[in-house]
Amino acid sequence: MFHSTLISKELKYHLTYLKMASEWSTLSCCGRKKVGALIVKDGTIISDGFNGTPKGFPNDCEDANGDTHWYVLHAEANALLKVARSTQSTNGATLYVTTSPCKECSKLIIQAGISMVVYKEDYKDLTGLKILQEAGIKITKLEI
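Residues numbered from 1 in each chain as written. Predicted model: local features only at pLDDT ≥ 70, side-chain atom pairs only at ≥ 80, totals over all residues. Heavy atoms only, no water.

Explain the packing of helix α2 (residues 75-84) against helix α3 (residues 103-112) to me, please; I cannot follow it from the model alone.
Each pair of packed helices can be described by the angle between their axes along with the distance between the axes. For the pair α2 and α3, interaxial distance at closest approach is 9 Å and the crossing angle is 30°. Regarding the angle of α2 to α3, the classification is roughly parallel. Judged by the sense of rotation from one axis to the other, the crossing of α2 with α3 is left-handed. Here Glu 76, Ala 77 and Leu 80 of α2 come into contact with α3, specifically with Cys 105, Leu 108, Ile 109 and Ala 112. (Axes fitted to C-alpha atoms, helices over the stretch in contact; angles between N-to-C directions. Helix = DSSP H or I, 4+ residues; strand = E, 2+ residues; numbered from the N terminus. Parallel < 35°, antiparallel > 145°, perpendicular 65-115°, else oblique. Left-handed = near helix turned anticlockwise from the far one by under 90°. Contact = heavy atoms within 4.5 Å.)

Here it is in structure tokens:
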């Protein structure tokens, strides 16, 4: 899914933002999987997020069996909700996320007007990527 139209300077920025999203993922309190996301528009980071529980909930993401609690928010959703509280627009922005979006987050990404998603590893269900592709969103998988 790598787009050959990326020039070296652009690729350098994509890799750097993806590395920053990876660093952001370390803030997650989830034990099973840590995911980070950045939303960038016109060369400026306008939002960030990582997977975790809603405000006021205990920071344990998994139950005693190791299953993720249903109420845990994904990194993409947290980043989109955070920017929604600002004056920034996500229309035409790029989302950098450590794991490809699930189908639920993909719907949010489409509605937010994100034009490109850059990620480093596949989510267990690739339906989210298929939905993004159908919506005409550019998808790039990069190794960092």
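Would you explain the nonpolar core in this entry?
The tendency in soluble globular proteins is for nonpolar side chains to be buried as a group. Counting 20 residues, the largest nonpolar core has Ile 39, Leu 95, Val 97, Ile 109, Ile 114, Val 117 and Leu 132 as its most contacted members. Contributing elements (two or more residues each) for this core: β1 (36-41), α2, β3 (94-99), α3, β4 (116-121) and α4 (127-134). No other element matches the four residues that α2 contributes to this core. Of all hydrophobic cores here, the second largest spans nine residues; its members include Leu 18, Ala 21, Val 40 and Tyr 96. (Core = buried A, V, L, I, M, F, W, Y, C linked by side-chain atoms within 4.5 Å. Buried < 20%, exposed > 50% of the residue type's maximum accessible area, 1.4 Å probe, protein only.)

Looking at this model, I keep getting lost on the packing of α3 against α4. Mind explaining?
Look at α3 against α4: their axes get within 7 Å of each other, and the N-to-C directions meet at 20°. The orientation of α3 relative to α4 falls into the category roughly parallel. Note that α3 runs across α4; the crossing there is right-handed. Contacts between α3 and α4 involve Lys 103, Ser 106, Ile 109 and Ile 110 from the first element and Thr 127, Gly 128, Leu 129, Ile 131 and Leu 132 from the second. Its residues placed into classes, the contact of α3 with α4 shows five nonpolar, three polar and one charged. (Nonpolar A, V, L, I, M, F, W, Y, C, P; charged D, E, K, R; others polar.)

Would you explain the sheet that holds β1 in this entry?
What the five strands build is an open sheet, ordered β2-β1-β3-β4-β5; its pairing is mixed. Taken across any chain shown, the strands that pair with only one partner, and hence form the sheet edges, are β2 (44-50) and β5 (138-141). Across the sheet, the mean angle from the axis of one strand to that of its neighbour is 20°, orientation sign disregarded. Bridge analysis of β1 against β2 gives six bridges, and the strand direction is antiparallel. Within β2, the residue paired with Ala 37 across the bridge is Gly 49. Against the sheet, helix α1 (residues 8-25) contacts β1, β2, β3 and β4, and its axis sits at roughly 140° relative to β1. This element, α2, spans β1, β2 and β3 of the sheet and lies at about 130° to β2. (Pairing = 2+ DSSP bridges.)

Would you mind showing me how to read the state of the cysteines here?
Two cysteines whose sulfur atoms are joined by a covalent bond form what is called a disulfide. A full pass over the atoms with the stated rule returns one disulfide. The residue that forms a disulfide with Cys 30 is Cys 61, at a sulfur-sulfur distance of 2.1 Å. Classification of the bridge connecting Cys 30 and Cys 61 rests on its S-S torsion, roughly -70°, and on that basis the disulfide is left-handed. Of the two residues, Cys 30 sits in the loop between α1 and β1 while Cys 61 sits in the loop between β2 and α2, which places them 31 residues apart along the sequence. When its relative accessible area of 2% is taken as the criterion, Cys 30 is described as buried. In this model Cys 105 remains outside any disulfide bridge; the closest cysteine sulfur is found in Cys 102, 3.8 Å from its own. Residue Cys 105 is classed as buried on the basis of its relative accessible area of 4%. (Disulfide = S-S within 2.5 Å.)

So what exactly am I meant to see when it comes to the pairing of β4 here?
Regular strands place side chains that alternate from one sheet face to the opposite one. One ladder, built from five bridges, connects β3 with β4; its direction is parallel. Looking at the pairing, Val 97 lines up with Tyr 119 of β4. Handedness of the β-α-β unit built from β3, α3 and β4 comes out right-handed. Pairing geometry for β4 and β5, over four bridges, is parallel. Bridged to Val 118 within β5 is Thr 140. The parallel pair β4 and β5 is bridged by α4, and the resulting crossover is right-handed. (Right-handed = clockwise from strand over helix to strand, strands pointing away.)

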